[in-house]
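Listed below are the residues making up each chain.
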Amino acid sequence: MSRGLNVLLKLKNKAVSSLKLQHKVKNITAKASLKNVPPNIARPPYALNGIVPPSPSRAEIKTESEIKHMREACQVARKVLNTARDFVKVGVSTDEIDEVVHNAAIECGVYPSPLNYKGFPKSVCTSVNDVVCHGIPDNTILKDGDIINVDVSTYLNGYHGDLSETFLLGNVDGDAKRLVSVTRDCLYAAITVCKHNERFSLIGKTISYIANKNGFQVVPNFIGHGIGSYFHGPPDILHFDNENADRMKSGMTFTIEPILSEGFPDFVILDDGWTCVSCDGSRSAQFEHTILITDTGAAILTADDTTRV
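If you're wondering where the values come from, they're calculated on a predicted model, not measured in any experiment. (Residues numbered from 1 in each chain as written. Predicted model: local features only at pLDDT ≥ 70, side-chain atom pairs only at ≥ 80, totals over all residues. Heavy atoms only, no water.)

## Let's talk about the packing of aromatic side chains
In plain terms, the rule: The pairing test for Phe, Tyr and Trp rings, Trp by its six-membered ring, is centres within 6.5 Å, and the orientation test on the planes gives stacked under 30 degrees, edge-to-face over 60, and tilted for anything in between. Secondary structure elements are defined from DSSP: runs of H or I of at least 4 residues count as helices, runs of E of at least 2 residues count as strands, and each element is numbered from the N terminus. Partly exposed describes any residue whose relative accessible area lies between the buried limit of under 20% and the exposed limit of over 50%, with all areas from a 1.4 Å probe on protein chains only and scaled to the type maximum. As a reminder, the over-ring test applies to NZ of lysine and CZ of arginine, requiring each to be within 6 Å of the ring centre and within 35 degrees of the ring normal.
Tallied over the full model, the rule gives five aromatic pairs. Aromatic pair Y117 and F231: ring centres 5.1 Å apart, planes at 75°, arrangement edge-to-face. A residue pair is termed long-range when its members are at least 10 positions apart, and Y117 in the loop between β1 (111–112) and β2 (125–128) and F231 in the loop between β7 (224–226) and β8 (233–237) qualify at 114 residues. Judged by relative accessible area, Y117 falls into the buried class, the value being 10%. Measuring from ring centre to ring centre gives 5.2 Å for F120 and W274, while their planes differ by 85°; the resulting arrangement is edge-to-face. In this pair, F120 sits in the loop between β1 and β2 while W274 sits in the loop between β11 (267–269) and β12 (276–278), placing the two residues 154 residues apart along the sequence. Since its relative accessible area comes to 2%, F120 is described here as buried. By the ring-pair criterion, three or more aromatic residues cluster together here, those being Y46, Y117 and F231. For K89, the ring lying beneath its charged end belongs to F87, and the centroid distance is 4.7 Å.

## Concerning the confidence of the model for the chain
In plain terms, the rule: In predicted models, pLDDT denotes the confidence assigned by the predictor to each residue on a 0 to 100 scale. Here, residues are in contact when the closest pair of their heavy atoms is within 4.5 Å.
Per-residue confidence for the chain averages 91 on the pLDDT scale, and 88% of its residues sit at or above 70. The model gives residues 11–34 a pLDDT under 50, and that stretch makes 31 contacts with residues more than four places away or in other chains.

## Re the nonpolar core
This is how it is decided: Each nonpolar core is a collection of buried residues, namely Ala, Val, Leu, Ile, Met, Phe, Trp, Tyr and Cys, held together in the definition by side-chain atoms within 4.5 Å.
Counting 37 residues, the largest nonpolar core has L142, I148 and V150 as the members making the most contacts within it. Breaking this core down by element, the ones donating at least two residues are α2 (64–87), α3 (94–107), β2, β4 (147–156) and β5 (159–168). Counting 30 residues, the second-largest nonpolar core is a separate cluster that includes C186, Y188, F200 and F287.

The following block contains the structure:
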């Protein structure tokens, strides 16, 4: 029995709907202090108590100065993810990946954004196989044939950068390779349609079309988000087919981060309050970039010369 199904059976009398599950903000004991963050590194507002300030009511339209800060934060996030990418291999633990990411961020002089965000206890999310997203690093050892998503975010000069990739470990079967490849294709196809005054709904329509054509399902519950001086906020980026009439505007920055499942998209959240696991044990993959809307298209702020576009 899969972990997700086992948890779901335990919850069946509690009428828990994955569509309604939300993290409750609590006054959490400072978990950031459990990791070494030098005092010279600027911290986001939630770093000490886990309490996230309210996001603005509308998406930021960034100035040239703010865009410069965004580029810098996103390029550091890319550098940190590249360090994790080069470390990930069969035999390492997800806790070790967390340590590598944390240290790489500190060496770059930035704060790892996930650390103590609403109480999240680690500096990176690591989601292996049937973990849909928000996996908390632990003593799980990566095995031959696994797939793992590593989600890195960094905070620099008051701005966040955010990206993730799914990696193949050793002798991965053909189905998983295709899942990962199609998910990546969905991300880049969605970025391609973005430009000033385009409808946000075209992102979800593009992703859904490619996913469904290839026999995969979009996990609808997790969305992309506006990002900048706040980690998560407007605009909401839906990855499934929708009719949102709102339009992109030049100067907006947001993430696109589709999750595709090889089975059913239903999931449960484990007792840690974060880890999302598929109910049927099916694997999922995710890719993410932070982008900037321009008059003529979209710039990928979290890309570098190692990024395969």
